[in-house]
Amino acid sequence: MLPTIAIVFTGGTIASTLDEGFGGVVPSLTGGQILAHVPGLDAVATVIAHEYGAFPGPHITPQHMLEISTVVGGYATRSDISGIVVTHGTDTLEETAYFLDCTVNTHKPVVVIGAMRNSSEPDWDGPRNIRDAVLVCGNSSACGKGVMVVLGGEVLAASEATKADTEDINTFTSMNFGPLGRVVNNQVLMHRSPLHRDHFSVDHLPEFVPLLKCYAGMDRWFIDEAVRHGARGIVIEAFGVGNVTPLVAQALTDAVAQGIPVVLVSRCPIGRVEHVYAYEGAGKQLYRKGVIFADYLNGPKARIKLMCALAANKTMNQIRESFEWVNRMESAD
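Our subject in this report is the structure included herewith. (Residues numbered from 1 in each chain as written. Predicted model: local features only at pLDDT ≥ 70, side-chain atom pairs only at ≥ 80, totals over all residues. Heavy atoms only, no water.)

A look at the pairing of strand β6 (residues 110–113)
- Judged by which residues are buried, β6 turns out to be covered on both faces: V110 and V112 on one side and V111 and I113 on the other are all buried.
- Taken together, the four bridges between strand β5 (residues 83–87) and β6 define a ladder with parallel strand orientation. Looking across to β6, one finds that V85 is bridged to V111.
- As paired elements, β6 and strand β7 (residues 147–151) share three bridges and run parallel to each other. Pairing of V110 across the sheet is with V147, part of β7.
- Between β6 and its parallel partner β7, the chain crosses via helix α4 (residues 126–137), and the hand of that crossover is left-handed. (Buried < 20%, exposed > 50% of the residue type's maximum accessible area, 1.4 Å probe, protein only. Helix = DSSP H or I, 4+ residues; strand = E, 2+ residues; numbered from the N terminus. Pairing = 2+ DSSP bridges. Right-handed = clockwise from strand over helix to strand, strands pointing away.)

If you want it as structure tokens, here you go:
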């Protein structure tokens, strides 16, 4: 018996065509029209198509992510569904994928895919990515791996997948740890599991959780304005292993003193943040003042996780524990 896979279509380049009226590429294909271009899919799985919308990636908001999470969670509870695929624009794909990873609690495979070529191009990669995703969802070795991102034959953990190239078909990569597996000649080869996952029960989202990036000479204005405008939490992309300018450090510690969780990540694409340096503005000082270090997460994912933790009414200590999992592992060793 073939597995039954639900595919939730949300738009993006995978659903896009060149539209002369608009003068460019726009999402326009329905799920049925996309599936009609995937040869032999009916020999792999029984597919249920769910039309969520035709949104370009940049139009997706956290509220959309919450709605998509509800749709995916509904399919995950059905006994006849083996897995769920979500099609998505690649610009915000990693954020939606990680949001689903944080909010959909299921052992069944959930795969988020997109395309880097639109359907008007001869090398449209959408059909292959759909077929690969369906194969992954129907494979028992993908169960319990959380939400995955599948493009270009690679299977990546949602917590690790990052769009690294503006044009390349293999744009998504796990810079620190590599793929969970691959799809080769229609065979799913899984090599490992994600290193860490958290789940949050979420039915709403905080309105304002800004993501800021530290730069040379940065002062405290952006942080103070974020606090003044009611930021529920703040994520800051710091230099190197976790250092900021002295004025930024002062603003961040003032925010923490007001009960606002501040999560620090690195603006570097590879590596984790650590509290090593001890000069003014350095990681050790920030850590002592209560700034939370996000280990390997990048800025967009740290913002998603912080939003989910706040929506789940986690305490400051619980938020810290969910982000600083590497420290806990090292302490246990």
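Describing the sheet that holds strand β13 (residues 211–213)
- The strand order β13-β14-β15-β16 describes an open sheet built from four strands, whose pairing is parallel. Each edge of the open sheet carries a strand with a single partner, namely β13 and β16 (292–293).
- Contacts from helix α8 (residues 299–311) reach β13, β14 (234–238) and β15 (262–266) within the one sheet, and its direction differs from that of β14 by about 160 degrees. (Contact = heavy atoms within 4.5 Å. Axes fitted to C-alpha atoms, helices over the stretch in contact; angles between N-to-C directions.)

Description of helix α2 (residues 62–76)
- Look at α2: 20 Å from first C-alpha to last across 15 residues, which is about the 21 Å you get at 1.5 Å a residue.
- By the burial criterion, the buried members of α2 are H64, M65, L66, I68, S69, V71, V72, Y75 and A76.
- Where α2 is buried, its residues touch β1 (4–11), β4 (46–55), β5, α3 (93–103), β6 and α8. (Expected span 1.5 Å × (residues − 1).)

Here's the deal with the nonpolar core
- Of all hydrophobic cores here, the largest spans 32 residues; its most connected members are I130, V134 and V136.
- Sorting elements by how many residues they give to this core places α4 first, with six residues.
- Not counting the four nearest positions on each side in its chain, I130 is found in contact with I7, F9, I14, I34, L35, V38, L41 and I113. (Core = buried A, V, L, I, M, F, W, Y, C linked by side-chain atoms within 4.5 Å.)

Focus: a nonpolar patch on the surface
- A contiguous nonpolar patch, built from Y215, W221 and F222 and spanning about 330 Å² of accessible area, is present on the exposed surface.
- With relative accessibility at 38%, the residue F222 sits in the partly exposed group. (Patch = residues over 30% accessible without salt bridge, like charges linked within 9 Å, V, L, I, M, F, W, Y side chains within 5 Å. Areas by Shrake-Rupley, 256 points an atom, 1.4 Å probe, with all protein chains shown as cover. Salt bridge = Lys/Arg side-chain N within 4 Å of Asp/Glu carboxyl O.)

Thoughts on α8
- With 13 residues, α8 extends 18 Å from end C-alpha to end C-alpha; this agrees with the ideal 18 Å at 1.5 Å per step.
- When you tally the buried positions in α8, you get 11 out of 13 residues, the bulk of the element.
- Every buried residue of α8 is listed here: G299, K301, A302, I304, K305, L306, M307, C308, A309, L310 and A311.
- Downstream of α8 by one or two residues, N313 has phi in the positive range, about 60 degrees.

A word on the pattern of salt bridges
- Summed over the entire model, instances satisfying the criterion amount to 15 salt bridges.
- The closest approach of N and O atoms between R228 and E225, which form a salt bridge, is 2.8 Å. Of the two residues, R228 and E225 are both situated in helix α5 (residues 221–228); the distance of three residues between them amounts to about one turn of the helix.
- Look at R228 and you get exposed, because its relative accessible area is 60%.
- Overall, the relative accessible area of 19% leaves E225 in the buried class.
- As a salt-bridge pair, D295 and R272 come within 3.3 Å of each other at their nearest N and O atoms. Of this pair, D295 sits in the loop between β16 and α8 while R272 sits in the loop between β15 and α7 (283–288), and the two are 23 residues apart along the sequence. Just as D295 is buried, R272 falls in that class too.
- Taken together, the shared-partner salt bridges connect R220, D224 and D254 into one network.

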